[in-house]
Structures are given as C-alpha cells and as structure tokens.
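Commentary on secondary and tertiary structure
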Amino acid sequence: MASITIDDVTKEFGEGSESVVAVDDVSLDIKDGEFVVFVGPSGSGKSTLMRIVAGLETQTEGDIEIGDAIVNQLGPRARDIAMVFQNYALYPNMTVEENMSFGLKMSTDMSDDAIEESVTSTAQMMDIGELLDNKPGELSGGQQQRVALGRAIVRDPNVFLMDEPLSNLDAKLRAEMRTEINRLQNDLGVTTLYVTHDQTEAMT
Ligand code: ADP
Ligand code: MG
C-alpha cells in the first residue's frame, strides 16, 4: 500500500495556439489507504490526471510520488497500480478465470497453483465464483464489472485507479456496486482514486 502525492502537475496537449491545458497545476496529498473521489464535468481533466498517476501519460510539469519515491520515470507496470475503466476491457476470448489470472501470469513469478488459489478466493469474494469458466459475452453487465474489479483486486496492487467504472450499468446496479466498492475498499485498505462526473456517486 502507498500514499500518493501529486505535486504541481500540469498537462498540456499540443503546442502553441492549438494547445489544450488538460490539467492545470494540481497538487494533492493522498494518504495511505485513503479513498479519494475526483468529481467534475466531462473534459475537466479527470482521466488525464488518472492516466498521469498510472504512468500511461507523461505530465508536462510537476511530480508524481507513490510511497516516498518520485515515479515520473517509471512505466505503468513498475508503479504497481491496478486500473478499472468504464468499458471493463475484458478479453472476450478468455474465460473469467483467464481474464483474472492473465495479469498475474504476465507480471509476477507466482506459481500456477498460487495464482489459481488467489483467483478462486477473489472470485468467491466478488460473488463470481460460479462464472470462472464463462466468457465475458455470456455475463451480464454487472457480472462483467465484478470480473473487472476482481481482476484488479487479485493483483494486490499498491493503488487502485477507477475511472467512471460504473457508467455502463443501469441505475439500480450502479447503486449496488457503489456500496460494494466502498465496502471492498474498506476491507482491503488499498489507496484508491475514483473518478466520476456524477455528484451523487461522488458523495456516496
Ligand atoms: P475528463 O476525463 O474529465 O472528461 P479528459 O482528461 O479526458 O477529461 O480531457 C481533458 C481535456 O484534455 C479535454 O479538453 C480533452 O479534449 C483533452 N485531451 C485529453 N486527451 C487528449 C489527447 N490525447 N490529445 C489531445 N487532447 C486531449
Ligand atoms: Mg474521463
């Protein structure tokens, strides 16, 4: 687990008269284990800031610290972050189990047995234990979203980044998943940045 410091971060896309300042001199200290929500209208720079923290985008100015280290030069994998996006980004040709174990197989030296145990217990916690052999296309939106969350959780990262993760769900499911994400974050205690344009969701 880790604290996150965003220090005078600016991101400008393009140059000269065509340029867009997507993030304008943002500074924020996020404590280890804290759950922080960014709320703002479309185009206000939420996703850009998340992508900078993740290492998917490079800031024009400023520093990102995770733990006590400046990570400006580190790529996404070295930052030990798990992201959940609006569109889940599950692999359609892989089963739920393969989707959840893929990241561990690629980026850790865990044994196959240890990976299987970790995926199985996380799937049970997320109430998708019965779906491990199914493909994403056979699941409801809510189930797919649980798989995406489970895939992030199983990696046991320092930080969760969630960018409008519930936007594709209907209102009832969205309300359920909000409560669930809150509970999960409480249980796991992983530092979490959560982005939404929805004020009610941010307050919940
Ligand atoms: P939000 O997630 O709050 O909707 P974004 O971070 O996606 O906002 O976008 C912030 C601003 O940066 C917008 O004006 C958007 O058009 C611009 N922007 C985002 N990504 C790029 C990019 N890769 N190239 C140019 N402009 C971008
Ligand atoms: Mg966005």
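Not measured: the values here are computed from a predicted model.

Calculation rules
Residues numbered from 1 in each chain as written. Chains lettered and ligands numbered in written order. Predicted model: local features only at pLDDT ≥ 70, side-chain atom pairs only at ≥ 80, totals over all residues. Heavy atoms only, no water. Domains from an automatic or database assignment. Contact = heavy atoms within 4.5 Å. Buried area = accessible area lost by both parts, 1.4 Å probe. Salt bridge = Lys/Arg side-chain N within 4 Å of Asp/Glu carboxyl O. Polar contact = N/O pair within 3.5 Å; in protein donor to acceptor, adjacent residues only side chain to side chain. Helix = DSSP H or I, 4+ residues; strand = E, 2+ residues; numbered from the N terminus. Nonpolar A, V, L, I, M, F, W, Y, C, P; charged D, E, K, R; others polar.

1. As for the domain arrangement of the chain
- Partitioning the chain into domains gives domain 1 (1–80 + 157–204) and domain 2 (90–156).
- Each of domain 1 and domain 2 has a C-alpha centre, and these two points are 23 Å apart.
- Contacts between the two partners involve 14 residues from domain 1, matched on the other side by 13 residues from domain 2.
- Of the roughly 1100 Å² buried between domain 1 and domain 2, counting both surfaces, carbon and sulfur atoms make up 68%.
- A per-residue breakdown of the area domain 1 buries against domain 2 is headed by Pro 157, Met 177 and Leu 184, which together make up 36% of the total.
- Between the two partners, domain 1 and domain 2, sit one salt bridge.
- The residue Arg 146 makes a salt bridge to Glu 180 at a minimum N-O spacing of 3.0 Å.
- Seen at the junction of domain 1 and domain 2, the total is two residue pairs in polar contact (both at pLDDT 80 or more).
- Those elements giving two or more residues to the side of domain 1 that touches domain 2 turn out to be β7 (159–163) and α5 (171–188).
- Of the residues that constitute the side of domain 1 that touches domain 2, the class distribution is 11 nonpolar, one polar and two charged.

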